[in-house]
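Listed here are the chains, written in short residue letters.
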Amino acid sequence: MSVDIARAWPKLAPSNAVPSGQDRARRWVLAALVAVLILQLPVVFLRAINWDEFYHYSLVVKLAKGTLDLPLQTLYTQPFVWVTALPGAGVDHVILIRIFMLACELVALACIAGMAARFTDRTTGLLCALAYLSASFIFRHGTSFRFDPPAAALLMGSAWLFTSSHMRASRLALAAILAGISTVLTIKTVLYAPVFAGIAWMVWTERGRRRADLVRLAALAVGVVVCAGVVYLLHAASLAAGGGGQAESLFSNAGRSMFTLSDPFGYRRFILWFAISSPLLAIPAFLAPFAIWRSNSATAHKIALTGLWLPLTTLFFYQNTAPYYYVFMMPPVAVAASPLMAVLARRYGAALIAGAMLACAAFVLATEPESTLARQRQIQQEAKRLFPDGVAYFDSCAMLGSFPKANVFMTPWVLSMYRQGIGASMEETMTQRTVPLLLNDDAVLGEAVASEGDVSALLPQDVVALRDTYIPFWGPFWLAGREISGGMGAQTWNVRVPGVYTVREGRVVIDGREFAKGDRVTLARGQHRLSAPQGDARLVWGDRLAVPASVPPQEPYFMPF
């Protein structure tokens, strides 16, 4: 195998010297790439909205309303403010934004193909791009509304410009701008540092290691920092002032703990699933270092390719490596796999490998779980009918993006910070805001309000407050209220959600006054005495809110990774 790799290391030939067989192979690979993009379109338009997408959209809404006050990792909100003014539910807006994410994916694919061709040939470059696109995690999440697709596009665009710049000032400046924007977009940009270090060594070596080039490289690094600083200040200046201290503390603490050798959230199990479901990218990627260092390429090329491969190692020390992370991490790795991909293409034929990649993508699409998009749309529409002006609510991921979410984004990472006391508890929030709605869209929240056992993911005081405050209303909607058993005598209820309540069943005595079914009563925060002397009764927040007539959607409300 080592002999084959050494002999098969390809050199990029002029276009007029490409053999007709390679030309046909390249066309087959390009056709397969287009076919996979077509297969991906149902994922763009029909796949249910994911947790992160709901949360990302909610921050776009906050920016549009002038209430977004967190400058960290929210730059992606700026281009999409206009979407919130369009008709339709929030899920429809997210699908529209996915089209932009598809454009970002196309940029990443072009950069993969161009950079891989720099080290091998154009056919192999297209094959590397196809391997990336057809991989299961990228096929499913490559167009999701997260900052991973635009960050990958920005960084790969910067890396491609750097690789082909020949130290021209204009290209270096553009590369610095793209990398600087990505730095503000996500803290994960730092994980691409080996990519740019390897390319810098290669470019400097190829140009004879001149001192003048060291000055240009230093200017590039300074340019990235300056651009990031300017973009950050401009973005921060457009946000609401104050109020973001807790949220910023939450994210900055998460940033400081982003690296660990342990696996607190169990995400490393996805490495095996990725290898099984995407072998035509996973195998060349994991074996890339052997192919790189056994080849007869120049040492500078080997160093650059190794730098491109190193982001793969983040799977073992970076915490948040859920499947969507592969969209961000794998583009440079796909380039690093180009030497082995070239060998495989020569041995088995690029057209055959491309066909196999196309088949893998088709299999991923055919095995997609049932989409829950219609259920998500129904939940959003019914919430808007019930609360036309919106209300504050608790949920896992800001599923009601146009409503003000009152608790943290309940990812394992953020919940771990929340349990350490970073960020407000739900009980504390309820003393400061009126939060009448709990959207039961997560197993943790369901366990908190529909069971009596311990809930390890939540603070004990929050579990007590949720169970004491919310009762079922319709499907996943739980409203502040109280179910009062008849004949049990008076009970004390700590009202955490002030406002108008409606007696929906039975008769209720509140603080000595009796109310019949349909009556309304305004309750302030604090202790109130309740009883139901004539049978079970039910007191629900809101001014005679009409229960939605539609049949509640069945769980689950989300699709698995």
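Residues numbered from 1 in each chain as written. Predicted model: local features only at pLDDT ≥ 70, side-chain atom pairs only at ≥ 80, totals over all residues. Heavy atoms only, no water.

Draft legend 1. How the structure looks around the overall build of the chain. When its secondary structure is counted, the chain shows 22 helices and 11 strands. C-alpha extents for the chain along the principal axes are approximately 95 × 50 × 45 Å. Here the chain, with 561 residues, has 56% of them falling under the buried criterion. Long-range pairs, those at least 24 residues apart, make up 76% of the contacts in the chain with a sequence separation of at least 6. Summed over all atoms, the accessible surface of the chain reaches about 22,900 Å², with 63% contributed by carbon and sulfur. Across the chain, the 47 positively charged side chains and the 35 negatively charged ones have centroids separated by 13 Å. (Helix = DSSP H or I, 4+ residues; strand = E, 2+ residues; numbered from the N terminus. Buried < 20%, exposed > 50% of the residue type's maximum accessible area, 1.4 Å probe, protein only. Contact = heavy atoms within 4.5 Å. Areas by Shrake-Rupley, 256 points an atom, 1.4 Å probe, with all protein chains shown as cover. Lys, Arg positive; Asp, Glu negative; His and termini not counted. Charge placed at Lys NZ, Arg CZ, Asp CG, Glu CD.)

Draft legend 2. Representation of the pattern of salt bridges within the structure. Following the criterion strictly, the structure yields 21 salt bridges and no others. Residue Arg-377 is joined to Asp-92 by a salt bridge in which the shortest nitrogen-to-oxygen separation is 2.7 Å. Of this pair, Arg-377 sits in helix H18 (residues 373–386) while Asp-92 sits in helix H4 (residues 90–119), and the two are 285 residues apart along the sequence. Taking relative accessible area as the criterion, Asp-92 reaches 28% and is therefore assigned partly exposed. With its nearest N and O atoms 2.6 Å apart, the salt bridge here joins Glu-514 to Arg-507. Here Glu-514 falls in the partly exposed class, since its relative accessible area comes to 42%. (Salt bridge = Lys/Arg side-chain N within 4 Å of Asp/Glu carboxyl O.)

Draft legend 3. Layout of the packing of aromatic side chains. Going through the model one piece at a time under the given rule, you end up with 26 aromatic pairs. Summarising the aromatic geometry, the rings of Tyr-55 and Phe-409 are spaced 4.3 Å apart at their centres and angled 5° between planes, so their arrangement reads as stacked. Here the residue Tyr-55 occupies a position in helix H3 (residues 51–65), and Phe-409 occupies one in the loop between strand E1 (393–394) and helix H19 (412–419), the gap between them amounting to 354 residues. For the pair formed by Tyr-55 and Phe-409, the shared burial category is buried. Judged by centre distance (6.0 Å) and plane angle (55°), the ring pair of Tyr-76 and Phe-147 falls under tilted. (Phe/Tyr/Trp six-rings, centres within 6.5 Å; stacked < 30°, edge-to-face > 60°.)

Draft legend 4. Expanded view of the sheet that holds strand E8 (residues 513–515). Read across the sheet, 4 strands follow the order E5-E10-E7-E8 without closing on themselves; strand pairing throughout is antiparallel. Two strands in the sheet have a free side with no partner beyond their single neighbour: strand E5 (491–495) and E8. For this sheet, the mean angle separating the axes of adjacent strands, direction not counted, is 35°. In terms of strand pairing, E5 meets strand E10 (residues 526–531) through 5 bridges, oriented antiparallel. From the neighbouring strand, Gln-491 faces E10, where its bridge partner is Leu-530. (Pairing = 2+ DSSP bridges. Axes fitted to C-alpha atoms, helices over the stretch in contact; angles between N-to-C directions.)

Draft legend 5. Representation of the environment of Gln-461 within the structure. Relative to the elements of secondary structure, Gln-461 occurs in helix H22 (residues 460–469). Expressed as a C-alpha distance, the spacing of Gln-461 and Leu-41, which sit 420 residues apart in the sequence, is 45 Å.

Draft legend 6. Spotlight on the nonpolar core. Ranked by size, the top nonpolar core spans 186 residues in total, and within it Tyr-326, Met-330, Leu-458, Leu-466, Tyr-470 and Tyr-501 carry the most contacts. A total of 12 residues in this core trace back to one element, the largest contributor, which is H4. Discounting chain neighbours no more than four positions away, the residues touching Tyr-470 are Phe-394, Met-430, Val-435, Pro-436, Leu-437, Leu-438, Trp-478, Leu-479, Ala-480 and Val-497. (Core = buried A, V, L, I, M, F, W, Y, C linked by side-chain atoms within 4.5 Å.)

Draft legend 7. Structural detail: the packing of helix H16 (residues 338–348) against helix H17 (residues 350–366). Relative orientation of the contacting elements H16 and H17 amounts to 110°, with a least axis distance of 6 Å. Between H16 and H17, the angle falls in the class roughly perpendicular. Of the residues in H17, those touching H16 at Met-341, Leu-344, Ala-345 and Tyr-348 are Ala-350, Leu-352, Ile-353 and Met-357. Considering only residue class, the contact of H16 with H17 consists of 8 nonpolar, no polar and no charged. (Parallel < 35°, antiparallel > 145°, perpendicular 65-115°, else oblique. Nonpolar A, V, L, I, M, F, W, Y, C, P; charged D, E, K, R; others polar.)

Draft legend 8. Main features of the side chain of His-93. By the secondary structure assignment, His-93 is in helix H4. Beyond its immediate chain neighbours, meaning those up to four positions away, His-93 contacts Tyr-57, Val-83, Thr-84, Leu-86, Pro-87 and Gly-88.

Draft legend 9. Region of interest: the side chain of Ser-182. Mapping Ser-182 onto the fold places it in helix H8 (residues 169–185). Look at Ser-182 and you get buried, because its relative accessible area is 0%. The contact partners of Ser-182, leaving out residues within four places of it in the chain, are Ala-151, Leu-154, Leu-155 and Thr-189.

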